[in-house]
Amino acid sequence: MNLRSSWVDLPRLKNRFTVLTLAVLVVFAVLLLRLWFLQVISNDRYRELSEKNRIRYLPVAAPRGPVYDRNGLLLIDNRPGFTIAALRQEVEDSTLMLDQLSRYLGTDRAILADNWQKGKKLPRYSPAPLAVDVGRDIVEQVQENAIDLPGVVTLVKPVRSYPYGDMGAHLFGYLGEITEKELRSGDYNDYRGGEFVGRSGLEQYLESSLRGIEGERLLEVDVKGKELRTLKTLEARPGKKVFLTLNAALQKAAEEALGDQSGAAVALDVRTGEVLCLANRPSYDPSFFARGIRDDEWLDLLQNRRHPLQNRALKGQYPPGSTFKLVTVMAALRSGLVSPDHTVHCNGKFTVGNRDFRCWKKNGHGDVDLKKAVRESCDVWFYEVSLQIGIDRIADAARDLGLGRATGYLADDEKGGLIPDQAWKKKRFKDRWYDGETVIAAIGQGYVLVTPIQLAVMTAAVANGGKVMRPYVVERVEDFDGNLLLRHEPETVRSGTFAEKDLRVLRDGLDAVVNEPHGTGWLARVPGVRVAGKTGTAQVVRQSEEDLDLKDEEIAYEHRDHALFVAYAPAEAPEIAVAVVVEHGSHGSTAAAPVARAIFAAYFQKDILSEPVDADAIGENE
Amino acid sequence: MFDRRLLTHFDWVLLLLVSLIAGIGILNLYSATSSWEAGSTPIFVKQFYWLSIGLGIALLLCLFDYRHLEYFAVPLYSLNVVLLVLVLVAGKTSMGATRWLNLGFFNLQPSELMKIMIIFILARYFNERDPILGFDLRELLTPFALLAVPTLLIMKQPDLGTAMLVIFIAASIGLFAGIRRRTLVTLGVLGMGAVFVGWRLLHGYQKERIRTFLNPERDPLGSGYHIIQSKIAVGSGGFFGKGFMQGTQSQLSFLPERHTDFAFSVFAEEWGFTGSLILLLLYLLLVSWGIYVARRANDRFGMYLALGVTAMLFWHIVVNLGMVIGLLPVVGVPLPLFSYGGTSMVTTMVGVGILLNISMRRFMF
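## A closer look at the sheet that holds strand β1 (residues 92-94) of chain B
So, step 1. The strand order across the open sheet built from three strands is β1-β2-β3 (chain B), with neighbouring strands paired in antiparallel fashion. The two strands at the open ends of the sheet, each matched to only one other strand, are β1 and β3 (107-108) of chain B.

Next up, the structure:
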């Protein structure tokens, strides 16, 4: 060993080797410390980042709950909606892709290009939707040409569908995409962008039941976003099943009978308050909303002069006209001041102070008792009687029949109407009540306002012995396995406020309206079923003396009277009550009564087309 | 001429160490490229071929006495410089840089060769002089010129990573040879000036890389992506790792260049801190063994040669590891014996062959 060359043993070199070795050790120690920091101390953070890299959360849309009528007919369903989208990270040549797609879809290339640009603002791996809700044939086209369209995918999500088209649109309500503002508001915590929420009607009222719980798929993806495998699936839970008291046949009959007229028709089961139909015309197509309504479509609906979005049955406030005479009759009988035999001579007008109030029948009805007054709708009888009993008794009776406040049908989706009395007048106008106001209130004009559903509740109360029922349309809610979650029981809001003998007197009169000679409601007759009812014609504008002689067609549409009809059947053991309002329909007997007739026919399953109205005792048009 | 003592003194430890690291490297390449579509020869098999060729070259290099290199250093170095000039004149361009000479059967990368030649020529120069007080500026002028000429040629290609390594190797030899304190200070000042001037001469992408290194989140999808993904891979490995072939970063291709420059990240992700520690210790052992060979070398020329080769290994290891764990900017420097690549493997094995040569002739006169 001592033979080894001496140069290495020079202390100078020895030192250098020591320094060199130390330097190497220090550098390796630094590397190791750094590895310790990354792999041990910061492991959690980096593990999370690596998971974020490889795992995508894919929401799985849940269908909203289906809605059925009382016989189990599916009223609101879901259908698969197809969206053509592109995974940006897999599209190699966007120009080529847009050209190809434009050809397959038949869509303007500019629209596709616009959507493609919008998609770039989405999170990195979210597919950019290019064409929303396309047809099945187009989906097939795109899938057949998948090789030419790298990165183009078809997304499926459930979309609300309506087997009966625009039927019941107002009752069911429509959907709208959740807004950014709502998402931020904190009221929609478990919602995500792009979801649809109920905006009106049942969809809104039952949002929490109908909405499904979104599922989630955990996917492992590679750097290109390619899905390699599903790590975990959380199934989507569909919304709850809702069963309505509604009868689709009645709803259909009511809407068809209303036809192109503007108006509403409500039918209730008089024993329970179940809503059998709740029709509104004109209507709109709720499927526009389900797929996301376009601005121009929305504007059309808003600007339409006939207000197709308005739920007239609940929110339309109309003067009830002669249908209000039910109230006046009950007020008169309850007061004890007027007996059914009370007779008034009608010569066509009635004078209060220095003002004349006319009967609808120019030449007068002659001597009129209660039954005749109801049957032939003699205004003068009611003018005279109303002055005897006073406005406050009339108002009390109206409220006891369910008028003047919301019926409680659905939370806050309803107007209350208006039943005026002395206190109200004082508060509202700081003025006393005048007799002239009493007489016109007695025939449902002046300040009095009611909604169609209130009229139906009132009529049902008269028919069922004085019970004001709370109308309801949701019979029960079940979860998807059929477990009962909620059931509505009939709810009596008010009862025992009228004597049965008084109600019977009124019902006799209402029976006569339809079934006796000179009755105004004969157009509501249904073969085999005895209908009782009352017509009503409500003035929209005060008509001058000359106007009274004009024919209906000569009056401007907006100035024509509203036509009303309330009725129940069978007269001897009432089951169903109906209220119909036809805006500017001119006469309750001709415009509104046939709608009620169609509903009754549907309810009792009578064929009214082959059996014309029994016209042996033709009445008169009020 | 062949001495039996050569066989008895053969450095089995070094050979074993090198084979062990390269073996782990091939295993790691198997995992790193397992998600690749089955094409021609798999990468790990090719690496195995390169390892065999490399070992063959290393053993061939043991056959002659390294001391002959002292005489061949000048012509070899000169030839290499000529080749570097040829690259600039008639080189093959790929990915924006001209680094290769097409020799028909294979592509030669003269800049890679220069990592070895600079060791030969400087070992020769410093072996001939031994000033007691260390070298001064005037005496360093020649080695500086010997370094500057090829470095500038390499930078012109441009290949900043290789140029930097050549400088690091040369500087390591020079520092060990001894430099006067005053000269060292002067060089330090000059070096800082050079950095300043160099920054202005750097290409846009090179500046970008350095900026990104200083703040990777500046451009997480662009040039910062490499560093971020590599750190995620290493960091998510944890103490015991995700398991062989189980690294999500590498198997799902989030990690770029995972068979070449970022091969260590794959290893760190799958084997965790435990695996990293073992591999780092193996590399430390390799470098220490190189220093040990230098220390026991038979003459000063051998010592300088061994030191140069060791410096080459050391700087490759440090620059690569520093890069993948986010301590140094991203420069395309492979990890010796671990990253895939024939050039890197051959260069490393030439170095290993020289170390073996010096080691087995430590008792020869």
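## Section: the interface of chain A and chain B
So, step 1. Taken together, the contact between chain A and chain B spans 38 residues of the former and 52 residues of the latter.
So, step 2. Summed over both partners, the interface of chain A with chain B buries about 4100 Å², with 73% contributed by carbon and sulfur atoms.
So, step 3. Joining chain A to chain B, the criterion identifies zero salt bridges.
So, step 4. The interface formed by chain A and chain B contains 13 residue pairs in polar contact (both at pLDDT 80 or more).
So, step 5. Among the secondary structure elements, those contributing two or more residues to the side of chain A that touches chain B are α1 (11-41), α2 (43-54) and β8 (215-221) of chain A.
So, step 6. The dominant element in the side of chain A that touches chain B, judged by the number of residues it contributes, is α1(A), at 20 residues.
So, step 7. Across the side of chain A that touches chain B, the residue classes break down as 22 nonpolar, six polar and ten charged.

## Concerning the domain arrangement of chain A
All names here are of chain A.
So, step 1. Assigned domains of chain A: these are domain 1 (6-41), domain 2 (57-241) and domain 3 (248-297 + 312-603).
So, step 2. Taking only C-alpha atoms, the centre of domain 2 and the centre of domain 3 are 45 Å apart.
So, step 3. In this complex, domain 2 contributes 31 residues to the contact, which on the side of domain 3 involves 31 residues.
So, step 4. Interface area lost by domain 2 to domain 3 is led by H170, L171 and K241, which between them contribute 24%.
So, step 5. Connecting domain 2 to domain 3 are two salt bridges.
So, step 6. A salt bridge links R281 to D166; the nearest nitrogen and oxygen atoms lie 3.8 Å apart.
So, step 7. Counting the contacts that link domain 2 with domain 3 gives six residue pairs in polar contact (both at pLDDT 80 or more).
So, step 8. Classifying every residue of the side of domain 2 that touches domain 3 gives 16 nonpolar, eight polar and seven charged.

## A closer look at the pairing of strand β21 (residues 532-538) of chain A
As a general feature of sheets, a regular strand has side chains that alternate between the two faces.
Residue and element names in this part refer to chain A.
So, step 1. Of all seven residues making up β21, seven are buried, and the element is well covered by its neighbours.
So, step 2. Residues A532, K534, G536 and A538 of β21 are buried on one face, and the alternating residues G533, T535 and T537, pointing to the opposite face, are buried as well.
So, step 3. Taken together, the seven bridges between β21 and strand β22 (residues 562-569) define a ladder with antiparallel strand orientation. Its bridge partner being in β22, G533 is matched across the sheet by A567.

## Some remarks on the nonpolar core
So, step 1. Counting 128 residues, the largest nonpolar core has A:L244, A:W381, A:I599 and A:F600 as the members making the most contacts within it.
So, step 2. Ranked by residues supplied to this core, first place goes to helix α20 (residues 452-464) of chain A with nine residues.
So, step 3. Here this core spans two domains, and each of domain 2 (57-241) and domain 3 (248-297 + 312-603) of chain A adds at least three residues to it.
So, step 4. Setting aside anything within four residues of it in sequence, one finds A:L244 in contact with A:V67, A:Y68, A:D69, A:R70, A:L75, A:F172, A:L202, A:V473, A:V474 and A:E475.
So, step 5. One finds B:L6, B:M117, B:F262 and B:I291 within the second-largest nonpolar core, a separate group that totals 105 residues.

## Some details on unusual backbone geometry
So, step 1. Put simply, A:R281 and A:P282 share a cis peptide bond, and its omega is -10°.
So, step 2. For A:P282, the location among the structural elements is in the loop between β12 (275-281) and α11 (286-290).
So, step 3. One non-glycine residue, A:Q605, lies in the positive phi region at around 50°.
So, step 4. Phi is positive for B:E257, which is not a glycine, with a value near 45°.
So, step 5. Residue position: B:E257 is located in the loop between α11 (248-251) and α12 (263-295).

## Focus: a nonpolar patch on the surface
So, step 1. Residues A:W36, A:F37, A:I41, B:F239 and B:F240 make up a contiguous nonpolar surface patch of roughly 540 Å² in combined accessible area.
So, step 2. Relative to the elements of secondary structure, B:F239 occurs in the loop between α10 (224-237) and α11.

## Side note on the sheet that holds strand β23 (residues 576-582) of chain A
Residue and element names in this part refer to chain A.
So, step 1. The strand order across the open sheet formed by five strands is β12-β11-β23-β22-β21, and the pairing between neighbours is antiparallel. Of all strands in the sheet, those bounded by a partner on one side alone are β12 and β21. Adjacent strand axes in the sheet meet at a mean angle of 5° when their direction is disregarded.
So, step 2. Relative to β23, β22 is paired through seven bridges, and the arrangement is antiparallel. Pairing of A563 across the sheet is with V582, part of β23.

Thresholds applied
- Residues numbered from 1 in each chain as written.
- Chains lettered and ligands numbered in written order.
- Predicted model: local features only at pLDDT ≥ 70, side-chain atom pairs only at ≥ 80, totals over all residues.
- Heavy atoms only, no water.
- Pairing = 2+ DSSP bridges.
- Helix = DSSP H or I, 4+ residues; strand = E, 2+ residues; numbered from the N terminus.
- Contact = heavy atoms within 4.5 Å.
- Buried area = accessible area lost by both parts, 1.4 Å probe.
- Salt bridge = Lys/Arg side-chain N within 4 Å of Asp/Glu carboxyl O.
- Polar contact = N/O pair within 3.5 Å; in protein donor to acceptor, adjacent residues only side chain to side chain.
- Nonpolar A, V, L, I, M, F, W, Y, C, P; charged D, E, K, R; others polar.
- Domains from an automatic or database assignment.
- Buried < 20%, exposed > 50% of the residue type's maximum accessible area, 1.4 Å probe, protein only.
- Core = buried A, V, L, I, M, F, W, Y, C linked by side-chain atoms within 4.5 Å.
- Patch = residues over 30% accessible without salt bridge, like charges linked within 9 Å, V, L, I, M, F, W, Y side chains within 5 Å.
- Areas by Shrake-Rupley, 256 points an atom, 1.4 Å probe, with all protein chains shown as cover.
- Axes fitted to C-alpha atoms, helices over the stretch in contact; angles between N-to-C directions.

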